[in-house]
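# Examining the three-dimensional arrangement
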Amino acid sequence: MAFIGGGNMASAIIGGLIANGLPASQITVVEPFEAARDALKAKFGIDALPTASAALAGQDLVVWAVKPQTFKDAAAAAAPHTAQALHLSVAAGITTDSIAQWLGTGRIVRAMPNTPALVGKGMTGLFARPEVDAEGQALIERVIGTTGQLVWVDGEAKLDAVTALSGSGPAYVFLFLEAMTQAGVDMGLTAPQAYQLAVATFQGASELAARSDEPASVLRERVTSKGGTTYAAITHMQQAGLPQTFIAALRKAEARAQELAQEFGR
Ligand SMILES: NC(=O)c1ccc[n+]([C@@H]2O[C@H](COP(=O)([O-])OP(=O)(O)OC[C@H]3O[C@@H](n4cnc5c(N)ncnc54)[C@H](O)[C@@H]3O)[C@@H](O)[C@H]2O)c1
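Residues numbered from 1 in each chain as written. Predicted model: local features only at pLDDT ≥ 70, side-chain atom pairs only at ≥ 80, totals over all residues. Heavy atoms only, no water.

The protein is annotated in an unreviewed UniProt entry as Pyrroline-5-carboxylate reductase from Comamonas aquatica DA1877. If you open the UniProt record of the protein and go to Subcellular location (unreviewed entry), you find "Cytoplasm". (UniProt positions renumbered as here; feature names shortened; annotations may be inferred.)

Residues Phe176, Met180, Met237, Leu242 and Phe246 make up a contiguous nonpolar surface patch of roughly 380 Å² in combined accessible area. Of all elements in the fold, only α7 (169-186) and α11 (242-264) reach the threshold of two or more residues within the nonpolar patch. Tracing the backbone through its elements, the reader meets methionine 237 in helix α10 (residues 229-239). Taking the relative accessible area as the measure of exposure, methionine 237 reaches 36% and is therefore partly exposed. (Patch = residues over 30% accessible without salt bridge, like charges linked within 9 Å, V, L, I, M, F, W, Y side chains within 5 Å. Areas by Shrake-Rupley, 256 points an atom, 1.4 Å probe, with all protein chains shown as cover. Salt bridge = Lys/Arg side-chain N within 4 Å of Asp/Glu carboxyl O. Helix = DSSP H or I, 4+ residues; strand = E, 2+ residues; numbered from the N terminus. Buried < 20%, exposed > 50% of the residue type's maximum accessible area, 1.4 Å probe, protein only.)

Moving on, we come to the UniProt feature "binding site: NADP(+)" (unreviewed entry) in the protein. According to UniProt, the positions carrying the feature "binding site: NADP(+)" (unreviewed entry) are Ile4, Gly5, Gly6, Gly7, Asn8, Met9, Ala65, Val66, Lys67 and Pro68. These annotated residues cover 65 residues of sequence, but their C-alpha atoms sit close together, with the largest distance between any two at 14.1 Å. Note that glycine 6 resides in the loop between β1 (2-4) and α1 (8-19). Here glycine 7 is to be found in the loop between β1 and α1.

Close to the ligand lie 20 residues; Asn8, Met9, Glu31, Phe33 and Val66 are nearest. In this structure, glycine 5 approaches the ligand through a main-chain N or O atom, which is 3.4 Å from a nitrogen atom. Between the ligand and asparagine 8 there is a distance of 2.9 Å, counted from an oxygen atom to a backbone nitrogen or oxygen. Protein coverage of the free-state accessible area of the ligand, which is 830 Å², stands at 80%. Looking at the shell around the ligand, the elements with two or more residues in it are α1 and α3 (68-78). (Near = heavy atom within 4 Å. Polar contact = N/O pair within 3.5 Å; in protein donor to acceptor, adjacent residues only side chain to side chain.)

Now for helix α4 (residues 96-103). In terms of burial, α4 is a largely internal element, six of the eight residues being buried. Along α4, the residues that are buried comprise Thr96, Ser98, Ile99, Ala100, Trp102 and Leu103.

Turning our attention to the sheet that holds strand β7 (residues 148-152). Read from one edge of the open sheet, seven strands run β2-β1-β3-β4-β5-β6-β7, paired in mixed fashion. Across the chains shown, the open sheet's two edge strands, defined by having one partner strand only, are β2 (28-30) and β7. Averaged over all neighbouring strand pairs, the angle between strand axes comes to 20°, with direction disregarded. The pairing of strand β5 (residues 108-112) with strand β6 (residues 122-128) spans four bridges and is antiparallel. From the neighbouring strand, alanine 111 faces β6, where its bridge partner is leucine 126. (Pairing = 2+ DSSP bridges. Axes fitted to C-alpha atoms, helices over the stretch in contact; angles between N-to-C directions.)

Looking at where serine 166 falls in the secondary structure, it is placed in helix α6 (residues 158-167). In this structure serine 166 touches Asn114 and Met123, once residues within four positions along its chain are discounted. (Contact = heavy atoms within 4.5 Å.)

Moving on, we get to the nonpolar core. Among the nonpolar cores identified, the biggest contains 27 residues, and Phe3, Ile14 and Leu88 are the most heavily contacted of them. A total of five residues in this core trace back to one element, the largest contributor, which is α1. Residues in contact with isoleucine 14, not counting those within four places in the same chain, are Phe3, Ile27, Val29, Leu40, Phe44 and Ile46. Listed in part, the 20 residues of the second largest apolar core include Ala2, Phe71, Ala85 and Ile108. (Core = buried A, V, L, I, M, F, W, Y, C linked by side-chain atoms within 4.5 Å.)

Right, let's get into the UniProt feature "domain: Pyrroline-5-carboxylate reductase catalytic N-terminal" (unreviewed entry) in the protein. Within this numbering scheme, the UniProt entry marks residues 2-93 as carrying the feature "domain: Pyrroline-5-carboxylate reductase catalytic N-terminal" (unreviewed entry). As a span, residues 2-93 carries 37% helix and 15% strand, and end to end its C-alpha atoms are 21 Å apart.

All right, on to α6 then. Listed in full, the buried residues belonging to α6 are Leu159, Asp160, Val162, Thr163, Ala164 and Ser166. Looking at the buried side of α6, the elements it contacts are β5, β6, α7 and α11.

With that settled, the discussion passes to the packing of aromatic side chains. The geometry of an aromatic ring pair comes down to the distance between the two centres and the angle between the two planes. As enumerated under the stated definition, the model contains five aromatic pairs in all. Their ring planes at 45° and their centres at 5.6 Å tell us that phenylalanine 71 and tryptophan 102 sit as a pair that is tilted. Placement of the pair is phenylalanine 71 in helix α3 and tryptophan 102 in helix α4, with a sequence separation of 31 residues. Tryptophan 102 carries the same exposure label as phenylalanine 71, and that label is buried. Taking the centre distance of 6.5 Å and the plane angle of 55° together, the rings of phenylalanine 176 and phenylalanine 202 count as tilted. Of this pair, phenylalanine 176 sits in helix α7 while phenylalanine 202 sits in helix α8 (residues 191-211), and the two are 26 residues apart along the sequence. You can call phenylalanine 176 partly exposed: its relative accessible area is 30%. Members of the aromatic cluster, each reached through a chain of ring pairs, are Tyr172, Phe176, Phe202 and Phe246. (Phe/Tyr/Trp six-rings, centres within 6.5 Å; stacked < 30°, edge-to-face > 60°.)

The following block contains the structure:
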């Protein structure tokens, strides 16, 4: 298989594949930037190519891990060598119609992963065009499955929702971690203590939710004694409109994903 683009997302997927037994020698990477090629060599022992070439011919799967802004140019360089392959794109916002036009094939799966893929805890949304058969979908599941969980969506537009929720989502969690840490420091804890408390709380609460049959609202109510400390905090958040603001923020991310398709998908 081949990767076009050897940055963060490509490294997360390559790391998962190698950890699951795929020899690095079976992975071809096209990466124009020397520093990124050096990093791939140091981390995985992969000698990435600076430009697309005939080395891409004969690959079963080509993973597109370039920025939306550079996809079209990268596609123009690689397309002459990759017509036979199944294609997997992780680029935010770029539609499979655009990709099909640029590559001259409709055998495309679009994915929206997230950065916890770097530690095998990723969450990826997937959409397959009708041209992708069950065997192709199974191959994609094997590849993405090495980075964490996955979910197929039945309409491509839903990937914009996945982008807004789990694709961008780690940044929302990190923002909360920053705020909780600051609050801890303001209340007299050391920064490392406050950060540890915040990270462990997210980890623990997420694990509890994942293992529970009960909805998050019930788990929340169980922490919230009437007239107690949690009640004071949650009431303040609700009165300040935090849930509505949060929901509106995700709609902004969804709208931006739609705009990206317009800006860079032509
Ligand atoms: N980082 C995230 O949280 C995240 C999550 C989901 C999806 N994505 C998507 O993944 C894609 C890659 O993001 P990333 O964070 O890995 O970015 P990145 O900048 O780390 O990696 C992109 C790589 O592509 C290389 N590149 C540039 N031009 C190229 C070309 N013509 N041919 C081949 N390679 C080229 C760059 O040198 C760079 O190393 C983006 O489209 C992004 O929307 C990112």
